[in-house]
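Topology and contacts: notes
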Amino acid sequence: MAVGVAAIVAFVIGAVWNSSLLFGEALVQLTAIVPAVDAAMPAAQMLAELVRVLIVATVLALVLRIAEYLDSGAERISGRNG
């Protein structure tokens, strides 16, 4: 559940970040994007981006789980209790 929520949040943040909603005219000037032409993102590209952020969120969750496991093992070996 948390991975899905993280993926959706990352997708929405990415969409806002890359739109003219956040940076407005400055984004258009710096990237040389013509808003009228490049306004619509193809559905396949949006789906691919959603899949990408889902994969990234899953990998991050696995890395954090492994790190937590390794850290708890170090505590058992060293005798630390807190």
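Note that the coordinates shown come from a computational prediction; the quantities given were computed from them, not determined experimentally.

Rules behind the numbers
Residues numbered from 1 in each chain as written. Predicted model: local features only at pLDDT ≥ 70, side-chain atom pairs only at ≥ 80, totals over all residues. Heavy atoms only, no water. Helix = DSSP H or I, 4+ residues; strand = E, 2+ residues; numbered from the N terminus. Buried < 20%, exposed > 50% of the residue type's maximum accessible area, 1.4 Å probe, protein only. Areas by Shrake-Rupley, 256 points an atom, 1.4 Å probe, with all protein chains shown as cover. Salt bridge = Lys/Arg side-chain N within 4 Å of Asp/Glu carboxyl O. pLDDT = per-residue confidence, 0-100. Contact = heavy atoms within 4.5 Å.

Regarding the overall build of the protein chain
A count of helices and strands for the protein chain gives 5 helices and 0 strands. In the protein chain, the order of α-helices and β-strands from amino to carboxyl end is α-α-α-α-α. Here the protein chain, with 82 residues, has 9% of them falling under the buried criterion. Element-wise, carbon and sulfur atoms account for 72% of the exposed surface of the protein chain, whose accessible area totals about 6,700 Å².

Observations regarding the pattern of salt bridges
If you walk through the whole model with that rule in mind, you get 1 salt bridge. When the shortest N-O distance is used, the salt bridge between Arg52 and Glu49 registers 2.7 Å. One end of the pair is Arg52 and the other is Glu49, both in helix 5 (residues 43-78) and 3 residues apart, which spans about a single turn.

A short note on the confidence of the model for the protein chain
With 78% of its residues at a pLDDT of 70 or more, the protein chain has an overall mean of 80. Model confidence for the protein chain, summarised as mean pLDDT per element, is weakest for helix 4 (residues 35-38) at 58 and strongest for helix 1 (residues 2-17) at 90.

A look at the environment of Val3
With respect to the helices and strands, the residue Val3 is situated in helix 1. According to the relative accessible area criterion, Val3 is partly exposed, its value standing at 24%. Once the C-alpha coordinates of Val3 and Val53 are considered, the two residues, 50 residues apart in sequence, prove to be 9.6 Å apart. If sequence neighbours within four positions are ignored, Val3 has contacts with Leu54, Ala57, Thr58 and Ala61.

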